[in-house]
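Understanding the architecture of this molecule
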Amino acid sequence: MLLLLACWKKLSKDAAATCSWKLSPGRTAAIEKRFPDFWSNELLADAGSNPAVVGCNVTPHARNERDSRFQRKLRGGCNVAESERERGAATRETSAIRAIQRRQHAGRSAAAANREEKEEGMTARLVQRFANRFFLPLWNRDNIDNIQIVFREDFGTEGRGGYFDEYGIIRDIIQNHLLQVLCLVAMEKPVSLKPEHIRDEKVKVLQSVLPIKLEEVVLGQYEGYTDDPTVPDSSNTPTFATVVLHIHNERWEGVPFIIKAGKALNSRKAEIRVQFKDVPGDIFRSKKQGRNEFVIRLQPSEAMYMKITVKKPGLEMSTIQSELDLSYGLRYQDIKIPEAYERLILDTIRGDQQHFVRRDELRVAWEIFTPLLHHIDEGKVKPIPYKAGSRGPAEADELLAKAGYVQTHGYIWIPPTLA
């Protein structure tokens, strides 16, 4: 933790947009002891100086004002206006950052740099997209009906209610983490693997996202959320959100991207679910079995599997849905898959910005969600109550159906084991 904070402070102006932690008093004291001038740093000191920013005020529920300032600084603001102000402050340290990075790179050969590993999640998606020929003709609006990007947690705020209530599920998960996943799924092939070429393509995707329609948004708040003493009884903060995004370009015109995240649900998982269109002229009448889907399970039990229709073994001519499965834990038993922030720490030290958010990328990401966030902060959009341990509001499933998603009934993917 201390290493990451030091690296962020010393090395990378872009790392600020990639992470968000709640600092405990013990961690804060340790940082202050090791870096006496940490909080006096200009990059931190100006955060929160404008209390009028919608949805970003320092509230009495935060442990302390510096904590709240630091959190907003790390996530690159809370809307377009604050994002620009935070990033403007960051550019004032660029010269010092570059000098440190040049010293870190001194003496390293290009060959050594090329051998260095990249952040696991991003590179896995890039390889899957652009190194496999059979995906190339399928990955477009002619074959794909809809795409879901899902993040589900089976627990609530668990004592973090005061912090979470400042941001909500959209700022906490959707605007940054899930939108980055969307970019990797939807982007065109970059010219090379150089950081700027990859980030150029991500920006193009975000610039093509159409304004969000309120009728394509479902917000929820689990029952018992306001029982937390640090959460106001009248809180309008969503703990669940389903948002349908549309990308206006040649590849994705007409394909809904369904972004869904929530707390206190009936399962814990993060996945990308690509659902293909129905087979034309279906002579086997297998439509009842469900559509083909390509699923990338990010956590837990990392895997990629393709749901396909096969003949059910036996004398009868009947079909059943099964899967082609690559489960990482089973296939690569002797390889340790690094945690995301382990790779980010290493990239920060090396000055590799491939996995960090560029200024124009951050701005356009906030532009997508800021109008909706203003409606929520002003109380114009209300979250729907849902029971803890459920799938979320029933209206979210209705929105999925309207967007074209067809649920497969009776099929459950079971992670394979050695037994």
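Going by the structure above, here's the rest.
Residues numbered from 1 in each chain as written. Predicted model: local features only at pLDDT ≥ 70, side-chain atom pairs only at ≥ 80, totals over all residues. Heavy atoms only, no water.

This part takes up the overall build of the protein. Secondary structure assignment for the protein yields 14 helices and nine strands. Counting across all 419 residues of the protein, residues that qualify as buried make up 51%. Long-range pairs, those at least 24 residues apart, make up 75% of the contacts in the protein between residues at least 6 apart in sequence. As presented, the protein carries roughly 20200 Å² of accessible surface, and 55% of it is formed by carbon and sulfur atoms. (Helix = DSSP H or I, 4+ residues; strand = E, 2+ residues; numbered from the N terminus. Buried < 20%, exposed > 50% of the residue type's maximum accessible area, 1.4 Å probe, protein only. Contact = heavy atoms within 4.5 Å. Areas by Shrake-Rupley, 256 points an atom, 1.4 Å probe, with all protein chains shown as cover.)

With that settled, the discussion passes to the side chain of Arg273. Along the chain, Arg273 falls in strand 5 (residues 269-276). Of the polar contacts made by the side chain of Arg273, one reaches the side chain of Glu271; its length is 2.8 Å. Polar side-chain contacts of Arg273 include one of 2.5 Å to the side chain of Glu293. Those residues within four positions of Arg273 in sequence are excluded, and the remaining contacts are Asn146, Ile147, Gln148, Glu293, Phe294, Val295, Tyr305, Lys307 and Tyr405. (Polar contact = N/O pair within 3.5 Å; in protein donor to acceptor, adjacent residues only side chain to side chain.)

So, on to the pairing of strand 2 (residues 217-222). Within strand 2, six of the six residues are buried, which leaves the element mostly enclosed by the surrounding structure. Burial along strand 2 is two-sided: the residues Val217, Leu219 and Gln221 and Val218, Gly220 and Tyr222 are all buried. Two elements, strand 2 and strand 3 (residues 240-246), share four bridges in a ladder whose sense is antiparallel. Paired with Gly220 across the strands is Phe240, a residue of strand 3. Where strand 2 and strand 9 (residues 384-386) come together, three bridges link them in parallel fashion. By the bridge assignment for strand 9, Gln221 is matched with Pro385. (Pairing = 2+ DSSP bridges.)

The next thing to look at is a nonpolar patch on the surface. On the surface, Ile283, Phe284 and Met317 cluster together to form a nonpolar patch covering roughly 390 Å² of accessible area. Mapped onto the elements of the fold, Phe284 is located in the loop between strand 5 and strand 6 (293-299). (Patch = residues over 30% accessible without salt bridge, like charges linked within 9 Å, V, L, I, M, F, W, Y side chains within 5 Å. Salt bridge = Lys/Arg side-chain N within 4 Å of Asp/Glu carboxyl O.)

This paragraph deals with the sheet that holds strand 1 (residues 144-152). Taken in spatial order, the nine strands line up as 8-7-6-5-1-4-3-2-9 in an open sheet, and their pairing is mixed. At either end of the open sheet lies a strand with only one pairing partner, and these are strand 8 (319-327) and strand 9. Sheet twist, expressed as the mean angle between neighbouring strand axes with direction ignored, is 20°. Taken together, the seven bridges between strand 3 and strand 4 (residues 256-262) define a ladder with antiparallel strand orientation. Note on strand 4: the bridge partner recorded for Ala241 is Ala261. (Axes fitted to C-alpha atoms, helices over the stretch in contact; angles between N-to-C directions.)

By size, the foremost hydrophobic cluster in this structure holds 73 residues, and its most contacted members are Ile147, Ile170, Leu245, Trp252, Phe257, Phe294 and Phe369. The greatest single-element share of this core, amounting to 13 residues, is contributed by helix 9 (residues 161-186). The residues contacting Ile147, other than those within four sequence positions of it, are Val185, Trp252, Pro256, Phe257, Ile258, Ile272, Arg273 and Val274. Listed in part, the five residues of the second largest apolar core include Val295, Ala303, Tyr305 and Trp413. (Core = buried A, V, L, I, M, F, W, Y, C linked by side-chain atoms within 4.5 Å.)

When two helices pack together, their arrangement is given by the angle between the helix axes and the distance between those axes. One can describe the packing of helix 9 onto helix 13 (residues 359-377) by two numbers: an axis separation of 11 Å at closest approach and a directional angle of 150°. The pairing of helix 9 with helix 13 is recorded here as roughly antiparallel in orientation. In this structure, helix 9 meets helix 13 at a crossing whose hand is right-handed. Contacts between helix 9 and helix 13 involve Ile170, Arg171, Ile174, Gln175, Leu179 and Gln180 from the first element and Glu361, Leu362, Ala365, Trp366, Ile368, Phe369, Leu372, Leu373, Ile376 and Asp377 from the second. Residues that form the contact of helix 9 with helix 13 fall into these classes: 11 nonpolar, two polar and three charged. (Parallel < 35°, antiparallel > 145°, perpendicular 65-115°, else oblique. Left-handed = near helix turned anticlockwise from the far one by under 90°. Nonpolar A, V, L, I, M, F, W, Y, C, P; charged D, E, K, R; others polar.)

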